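Architecture at a glance
Here are the chains, one letter per residue:
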Amino acid sequence: MEITEEEKKYLIELGNQVRDLRHSKAWTQKTLGKKAGMNRGYISDIERGARNVAFLTLVKLAETLNCDVAAFTQNIPINKERIKNPKIH
């Protein structure tokens, strides 16, 4: 299934949330990947919004980051102002 530009913005926002939580622990992508049983490249893809992440992957990340899965979707759906200016790292 092709992902629309609108949906891509949601994936980017989800990735931003994962990145922010990882940064709050002062972990590298490699550290998070190792702790979660994923490779660094996959973590990078998630954080850039390049992956449509499976729910169970989010559960694993939440367990590893010691947070609720809902922490990844705090700003989704994105309000109109954030859609105009998505936070892309």
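Note that the structure is predicted; figures quoted are calculated from it, not measured. (Residues numbered from 1 in each chain as written. Predicted model: local features only at pLDDT ≥ 70, side-chain atom pairs only at ≥ 80, totals over all residues. Heavy atoms only, no water.)

**Topic: the overall build of the chain**
From N to C terminus, the chain includes five helices and zero strands. Order of helices (α) and strands (β) in the chain, N terminus to C terminus: α-α-α-α-α. The buried share among the 89 residues of the chain stands at 39%. Long-range contacts, defined as pairs at least 24 residues apart, comprise 64% of the intrachain contacts of the chain with a sequence gap of at least 6. (Helix = DSSP H or I, 4+ residues; strand = E, 2+ residues; numbered from the N terminus. Buried < 20%, exposed > 50% of the residue type's maximum accessible area, 1.4 Å probe, protein only. Contact = heavy atoms within 4.5 Å.)

**Details of the packing of helix α2 (residues 29-36) against helix α4 (residues 55-65)**
In contact at an axis separation of 9 Å, α2 and α4 are set at 110° when each is read in the N-to-C sense. Between α2 and α4, the angle is such that the two are roughly perpendicular. Contacts from Leu32, Lys35 and Ala36 of α2 reach α4 at Lys60, Leu61, Thr64 and Leu65. (Axes fitted to C-alpha atoms, helices over the stretch in contact; angles between N-to-C directions. Parallel < 35°, antiparallel > 145°, perpendicular 65-115°, else oblique.)

Function-wise, these values are silent; they only describe arrangement.
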